[in-house]
Structures are given as C-alpha cells and as structure tokens.
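# A closer look at the structure
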Amino acid sequence: DGVPDIISVTTPVGSRAGMIHSLSRAGVKTILSELPLAKDVAAARKAAGECEKSGTLLLANHLRRCNPLIRKVREQIRSGTIGAIVQVGFLYTGGLRFWGSHGLDIIVHLVGVPCRVRAVKSHTDSGYVGDPNVDGWLEFRNGVKAALLTTHFRDHRAFEIDLIGRRGRIRLTDLGFRAEFYSLGQSKRFSQPELELKTTEVSTESTFLPVIDHVVKCLDGTERPLLGASEALRVSEIIRAMERSMN
C-alpha cells in the first residue's frame, strides 16, 4: 500500500502534533517522535488520542531508556543494590524542554513520578530561544527530592544525573552514556564508612540502534513499549507544572 511501517518525526516542535495526526490517519503503524510531542500538553494529548483511535503506536524518542546501560542502572536500583534512594541531582543545559526533558524522563524512569515541583528561571544561557534553562526541584511521596541545576550552554555541554542511595551511588555522565558505580567502603581518615568508586561502565552501543531494535520488537509484540505516549505526556506535564510554578 506504500505506507511505511515506521516513521520518525524530527520536525520543529510547532509542527509535530499536526505531523503525527496526519501520519496516523494515513495508516502508519508506528511513529517515533522527538520530544516534546507538541508545543503544549493539550496538543500533545490530542495527537496521542488520534494515534490511539487509529491504532498507531506512538513512541517518544527517549533514547536513553532503551540503552542497555540505563537498563542495568534501573535493575540495580530496583534490586536495592545501592539501597533506598536518598537524593537525586541533575545537571544540564540546553533548555528545560529540549535537554531537560530527557533528564526528567530518566529520573521518572529510575525513581518515580514526583508529587510536587518548584522551579525558577536560571541566570544561565540555554542556547535556545524560547526554551530557558530552569533550576528547581522535584519532590516524591517518600520525601526524596531531585535538584535541577544548570550551566551555560556556550561554555560546555552538561547532562549528569547523580543517584545517591543509603548503601551506594550511581552517577551518570557523558550525556547519560557513562555510569560510575559506588558502594560503601571503609574510610582511610574517619571511622564512618564512605562511598567508594568501584566500577565505571561506558555504553558501547550506538545511540539510536537500541531504540530501533526496541521499536521493531514492539511491532513484533515481543516487548512492551518503554517510550510510550503516556511517558511523553507525563514529562510534558512535569515541565508545564515547573513553568507554572515560576509565575
């Protein structure tokens, strides 16, 4: 019939919702869209609803979720290897919606959905007009907080997530594709234990191949979507709540 099974939408954000709508009506089986899905949550929900009606699988390009290294980090957290999460830190630049959305998604994926947010516009430059850097914090129902800090885009790229547990720590660097694993060790200076770096792992996978592999497996029915529209909408709602808290 000439309709592709998979189409990736990488157009400017203002046109994505309309593009998703048109592709779903044309019978495309799977749409992989950049984030955010639309300029606002309402348009994103409408696009997701159109896909649901037409039977199109709408996936968001949260590419780190599919990476084997992030899957390992999630397994270690869920198995209690580093103990209960105490605090989280996220350092980024490149705008809350553009680069910040990917960090927020990883935090939600690894820690959970926050119940409260607070944000302030940062004095740092995001490098993107209309998408400022935003400092702030997320609070979870168990009292854990995630702090968001930014740096100047023109100085250097930044994307680091620090997950501190009661028995260990996992630090994601290199835009989320390098992980440092810490565990409790005996301090050489004090009687109290301290966190020691034990291993470092770097993802050797292509940035996008794990995403494509996951999309194909979703089409085959052998995997459940890690990047569904509901996850994309959740991140959009967190961003909207943070932006509203600045007013």
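Residues numbered from 1 in each chain as written. Predicted model: local features only at pLDDT ≥ 70, side-chain atom pairs only at ≥ 80, totals over all residues. Heavy atoms only, no water.

### As for the overall build of the protein
- In terms of regular secondary structure, the protein is built from 6 helices and 11 strands.
- The C-alpha radius of gyration computed for the protein amounts to 19 Å, which stays within 12% of the reference 18 Å derived for 247 residues, consistent with globular compactness.
- With the principal axes as the frame, the protein shows a C-alpha extent of 70 × 45 × 35 Å.
- Sorting the 247 residues of the protein into buried and exposed places 48% on the buried side.
- For the protein, the share of sequence-separated contacts (at least 6 apart) that also reach a separation of at least 24 residues comes to 66%.
- Between the mean site of the 34 positive side-chain charges and the mean site of the 27 negative ones, the protein shows a separation of 5 Å. (Helix = DSSP H or I, 4+ residues; strand = E, 2+ residues; numbered from the N terminus. Rg over C-alpha atoms; globule rule 2.2 N^0.38 Å. Buried < 20%, exposed > 50% of the residue type's maximum accessible area, 1.4 Å probe, protein only. Contact = heavy atoms within 4.5 Å. Lys, Arg positive; Asp, Glu negative; His and termini not counted. Charge placed at Lys NZ, Arg CZ, Asp CG, Glu CD.)

### A few points about the packing of aromatic side chains
- Inspection of the entire model under this criterion finds 6 aromatic pairs.
- Ring centres 4.8 Å apart and planes at 75° place the aromatic pair Phe-98 and Tyr-128 in the edge-to-face group. Remark: Tyr-128 occurs in the loop between β5 (116-121) and β6 (134-139) and Phe-98 occurs in helix α4 (residues 95-110); sequence separation between them is 30 residues.
- Judged by its relative accessible area of 32%, Phe-98 falls in the partly exposed class.
- In this structure Tyr-128 comes out as partly exposed when scored by relative accessible area, which is 31%.
- Looking at Lys-72, its charged tip hangs above the ring of Phe-181, at a distance of 5.3 Å from the centre. (Phe/Tyr/Trp six-rings, centres within 6.5 Å; stacked < 30°, edge-to-face > 60°. Lys NZ or Arg CZ within 6 Å of the ring centre and 35° of its normal.)

### Some details on the pattern of salt bridges
- Considering all chains together, one arrives at 14 salt bridges under this definition.
- In this structure, the salt-bridge partner of Lys-29 is Asp-5, at a minimum N-O distance of 3.7 Å. Pair noted here: Lys-29 is in the loop between α1 (13-25) and β2 (30-33) and Asp-5 is in the segment before β1 (6-9), with a separation of 24 residues, a long-range link.
- We classify Lys-29 as partly exposed; its relative accessible area is 47%.
- A salt bridge links Arg-65 to Asp-105, with the shortest nitrogen-to-oxygen separation between them at 2.8 Å. With Arg-65 in the loop between β3 (57-60) and α3 (68-78) and Asp-105 in helix α4, this residue pair connects regions lying 40 residues apart in the sequence.
- By relative accessible area, Arg-65 is classed as buried at 5%.
- Under the relative-accessibility criterion, Asp-105 is labelled buried at 1%.
- Each of Arg-71, Asp-213, Lys-217 and Glu-223 takes part in salt bridges that share partners, so that together they form one network. (Salt bridge = Lys/Arg side-chain N within 4 Å of Asp/Glu carboxyl O.)

### Notes on the packing of α4 against helix α6 (residues 229-245)
- Relative orientation of the contacting elements α4 and α6 amounts to 115°, with a least axis distance of 10 Å. Our pair here, α4 against α6, has a crossing hand that is right-handed. Counted together, Leu-96, Arg-97, Ser-101, Leu-104, Asp-105 and Val-108 of α4 and Glu-231, Arg-234, Val-235, Ile-238, Ile-239, Met-242 and Glu-243 of α6 form the full contact between these two elements.
- Split into classes, the residues belonging to the contact of α4 with α6 amount to 7 nonpolar, 1 polar and 5 charged. (Axes fitted to C-alpha atoms, helices over the stretch in contact; angles between N-to-C directions. Left-handed = near helix turned anticlockwise from the far one by under 90°. Nonpolar A, V, L, I, M, F, W, Y, C, P; charged D, E, K, R; others polar.)

### Thoughts on the environment of Glu-243
- By the element assignment, Glu-243 lies in helix α6.
- For the pair Glu-243 and Pro-12, spaced 231 residues apart in sequence, the C-alpha to C-alpha distance is 21 Å.

### Notes on unusual backbone geometry
- Look at the link from Leu-35 to Pro-36: it is a cis peptide, with omega at -10°.
- Residue placement: Pro-36 occurs in the loop between β2 and α2 (41-54).
- The phi angle at Leu-175 is positive, at roughly 60°, despite the residue not being glycine.
- By secondary structure assignment, the location of Leu-175 is in the loop between β9 (168-173) and β10 (178-185).

### Regarding the nonpolar core
- Core analysis: the largest hydrophobic core is formed by 35 residues, its most contacted members being Val-73, Leu-104, Leu-138, Ile-161, Leu-163 and Met-242.
- Of all the elements, α4 adds the most residues to this core, at 7 residues.
- The contact partners of Met-242, leaving out residues within four places of it in the chain, are Leu-96, Leu-104, Val-117, Arg-118, Ala-119, Val-134, Leu-138 and Leu-148.
- Core analysis: the next-biggest nonpolar cluster, separate from the first, contains 18 residues, Val-28, Ile-31, Ala-44 and Ala-48 among them. (Core = buried A, V, L, I, M, F, W, Y, C linked by side-chain atoms within 4.5 Å.)

### Side note on the environment of Phe-190
- Within the element layout of this structure, Phe-190 appears in the loop between β10 and β11 (194-202).
- According to the relative accessible area criterion, Phe-190 is exposed, its value standing at 60%.
- The sequence separation of Phe-190 and Pro-225 amounts to 35 residues, and the corresponding C-alpha distance is 47 Å.

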